[in-house]
Amino acid sequence: MAKKRIGLIHYTYPPVIGGVEKVIFDHAQLFSRYDYDVTVFAGEGHSDNPKVKLKIIPEFKSLRVADPDLFEKTLNEDVFPDEFTRFSEKILKKIYKEFEGIDVFIIHNVLNLTLNLCLNRALSEYIKKHPNKKFIGWMHDIALSPERKKKKFTNPAIDQMIYQPVENVKYVGISNFLKERLSEEFGFPTKSMTIVSNGIDLNTFLGLHPVTQKIIKYHKIFLYDYLIFYSGKVLKFKNVDIIVNIVSELKKQAKNPLMVISGKDSPHNININYMQEIKSLIKQLKLEKNVVFIEDEIEEKSNGESFEVVKDFYRLADIVINLSGFENFGLPLIEAGVNKTPLIVNDLNVFKEIDNVNIHFVDIDNESPAQIASKIRLIIEGNQQIGFFRKIKKNFNLEKIFVEKIIPLLEK
């Protein structure tokens, strides 16, 4: 089945700065990433993405900017002035031409604000005449008085226009708080309103490498309870087997952890069987879905990709672990510190030389994997910043919201 052709509508589009503009921009990029034919209709803006078409219709801009005199007349007179009707008809003629070929329109804010009521009128007329098309009214804001109450207009037609639903429009609200306000304060019927929260496109916001993005998507990394990162090769003295056993113990403690390992065996490693031992241990403990080797995801000629992906996982991890039996320094500790990621390491004097206050130490000779697993749980669960980041990765990751909530809206 062919994918729906999408039209996003707002007054303006980036580089115009604004929260709604940023949301529309992120949505447009995701539609293009998922191979939808997407067009943005706005009064001003610019698109650098060749897969996101931008149709500039100057009349879409706020009347405050485009025609301040008409803006004042429209809001303050008993009836709409003649100029209002003429301007609405002008917009309607343009959108009949430009909207041809679009299957689903997502109208951000316009239907419930007073910034350009001529555009409201034109869109309402177009919607009425096209019952075969799908229209989604995406509500970020609502027109309010300075006291945050329902506005009182001299012209009752405005009240009808922005405080009553437009027939054949499916409404989406960005929070339950907004939904309750609409229902209680304005009497807006919200029974069938869908809530789709705003989110953040972690890939672009954090500038994640394409290989990192591929790993996240393929392994569904953000769905795991804990993301543990080990940066180093799989060598005997690094005690990677203990780390694998800790992951197993976390699973026994009713958690679903994922350990990401940056390296594999070293070309200088004299114990060439250790990597096989680790893989056998992973299989024996049924952790195949709980351990990811970055080097398995990168082609041999990576041209520095590995280092970029490692940097990403320092930032994405909930905790960095290093249980080496000995070291002459401890560069991964500094790398984790730069990224403000919590650290749990073996009790080595050389590590304490780097810092003995802000790092969590364990004694692998006297503490079992189960005990260390419990410590990791306490560290992660007791850190509000880690908890909030985990929640963002799970609940406010825009790509997840897009796949689970926005795409189904197009098909309902």
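Residues numbered from 1 in each chain as written. Predicted model: local features only at pLDDT ≥ 70, side-chain atom pairs only at ≥ 80, totals over all residues. Heavy atoms only, no water.

Draft legend 1. View of the overall build of the protein. Each helix and strand in the protein was counted, giving 17 helices and 13 strands. Scaling as 2.2 N^0.38, a compact globule of 412 residues should have a C-alpha radius of gyration of about 22 Å, whereas the protein reaches 27 Å, well beyond that. Overall, the protein is about 85 × 45 × 35 Å in size when its C-alpha atoms are taken along their principal axes. Within the span of the protein, comprising 412 residues, buried residues form 51% of the whole. Contacts in the protein between residues at least 24 apart in sequence constitute 71% of all its contacts with a sequence separation of at least 6. Approximately 20,500 Å² of the protein is accessible, and the part contributed by carbon and sulfur atoms is 52%. In the protein, 58 side chains carry a positive charge and 54 a negative one; their mean positions are 5 Å apart. (Helix = DSSP H or I, 4+ residues; strand = E, 2+ residues; numbered from the N terminus. Rg over C-alpha atoms; globule rule 2.2 N^0.38 Å. Buried < 20%, exposed > 50% of the residue type's maximum accessible area, 1.4 Å probe, protein only. Contact = heavy atoms within 4.5 Å. Areas by Shrake-Rupley, 256 points an atom, 1.4 Å probe, with all protein chains shown as cover. Lys, Arg positive; Asp, Glu negative; His and termini not counted. Charge placed at Lys NZ, Arg CZ, Asp CG, Glu CD.)

Draft legend 2. Layout of unusual backbone geometry. With an omega of 15°, the peptide bond running from Pro14 to Pro15 counts as cis. Note that Pro15 resides in the loop between β1 (5-9) and α1 (19-33). One non-glycine residue with positive phi stands out, namely Lys220, at about 50°. Considering the arrangement of structural elements, one finds Lys220 in the loop between α9 (210-219) and β8 (226-230). One non-glycine residue, Asn239, lies in positive phi territory at about 55°. Positionally, Asn239 belongs in the loop between β8 and α10 (240-252). A relative accessible area of 14% places Asn239 in the buried class.

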